[in-house]
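Structural features, examined
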Amino acid sequence: MANGVNKVILIGNLGKDPEVQKFDNGVKKATFSLATTEVFKNKDGEKTSHTEWHNIVLWRGLAEVAENYLKKGNTIFLEGKIHRRDWEDKDGQKRYSFEIVGDSMTMLGGPRKETAAGEPVVESVKEENSGEAPLPEDDLPF
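Comments concerning the packing of aromatic side chains
According to the stated counting rule, one finds two aromatic pairs in the structure shown. Residues F23 and W59 carry aromatic rings whose centres are separated by 6.0 Å and whose planes lie at 20° to one another, so their mutual orientation is stacked. Pair noted here: F23 is in the loop between β2 (19-22) and β3 (28-41) and W59 is in strand β4 (residues 47-59), with a separation of 36 residues, a long-range link. Ring centres of Y96 and F98 lie 5.7 Å apart, and the angle between their planes is 80°; this geometry places the pair in the edge-to-face category. Among the residues examined, F98 registers a relative accessible area of 46% and is labelled partly exposed. Its guanidinium or amino end placed over the ring of Y96, R84 lies 4.2 Å from that ring's centre, counting from NZ or CZ.

Here it is in structure tokens:
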């Protein structure tokens, strides 16, 4: 039995263009903010909204996709996990922040692409090291 589950699913809009770092070993890291907005009626029956901002971190292939295709305002579907980052500030005070480390991402609301049959194509990217092995096509149960 698993000790716990750390799973986050977000649909939101980028608050800024991704900032990409490339490390000496060639690994890329992309960071950006993502806004998720809830719309609801308050106690007076008036429509209102609340926006939550999330710090997003993408590594390797997902960082490359972010660098090449994502811009401020784009809508994405993101799956990942919550990660706490700890550090000491210049005054020696312990600080921490939370970020969402993405495992897979689907770009939403961009230019529409269609197949030859006229069906929409949804572009989805999954981190290669997610630990999930794809099923061979001939082993599908249907």
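Structure's up, so let's keep going.
Description of the pattern of salt bridges
If you walk through the whole model with that rule in mind, you get seven salt bridges. Here E67 ties to K28 by a salt bridge, and the two come within 2.5 Å at their closest N and O atoms. Remark: K28 occurs in strand β3 and E67 occurs in helix α1 (residues 60-69); sequence separation between them is 39 residues. The partner of R95 in a salt bridge is D89, with the nearest N and O atoms 3.0 Å apart. Each of the salt bridges in this network shares a partner with another, and the network as a whole consists of K28, E64 and E67.

Comments concerning α1
Of all the positions in α1, only L62, A63, V65 and A66 are classed as buried. Looking straight down α1, one finds that the buried residues subtend no more than 160° of arc, so they occupy a single side.

A few points about the nonpolar core
Counting residues in each nonpolar core, the largest one holds 17 residues, and the members touching the most others are F32, I56, L58, I76 and M105. At the level of secondary structure, the elements contributing two or more residues to this core comprise β1 (8-14), β3, β4, α1, β5 (75-88) and β6 (94-108). Per-element accounting of this core gives the leading share, four residues, to α1. Ignoring anything within four residues of it in the chain, the contact list for I56 reads L10, A30, T31, F32, L34, L78 and I100.

Comments concerning the environment of A66
Counting through the fold element by element, A66 comes out in helix α1. The class for A66 is buried, based on a relative accessible area of 0%. Sequence separation between A66 and K29 is 37 residues; the distance between their C-alpha atoms is 9.5 Å. Those residues in contact with A66, other than ones at most four positions away along the chain, are P18, A30 and L58.

A short note on the confidence of the model for the protein
For the protein, mean pLDDT is 83; residues scoring 70 or higher make up 76% of the total. The low-confidence segment residues 129-142, where pLDDT is below 50, has three contacts with residues more than four positions distant or belonging to other chains.

What counts, and at which threshold
Residues numbered from 1 in each chain as written. Predicted model: local features only at pLDDT ≥ 70, side-chain atom pairs only at ≥ 80, totals over all residues. Heavy atoms only, no water. Phe/Tyr/Trp six-rings, centres within 6.5 Å; stacked < 30°, edge-to-face > 60°. Helix = DSSP H or I, 4+ residues; strand = E, 2+ residues; numbered from the N terminus. Buried < 20%, exposed > 50% of the residue type's maximum accessible area, 1.4 Å probe, protein only. Lys NZ or Arg CZ within 6 Å of the ring centre and 35° of its normal. Salt bridge = Lys/Arg side-chain N within 4 Å of Asp/Glu carboxyl O. Arc of directions from axis to C-beta. Core = buried A, V, L, I, M, F, W, Y, C linked by side-chain atoms within 4.5 Å. Contact = heavy atoms within 4.5 Å. pLDDT = per-residue confidence, 0-100.

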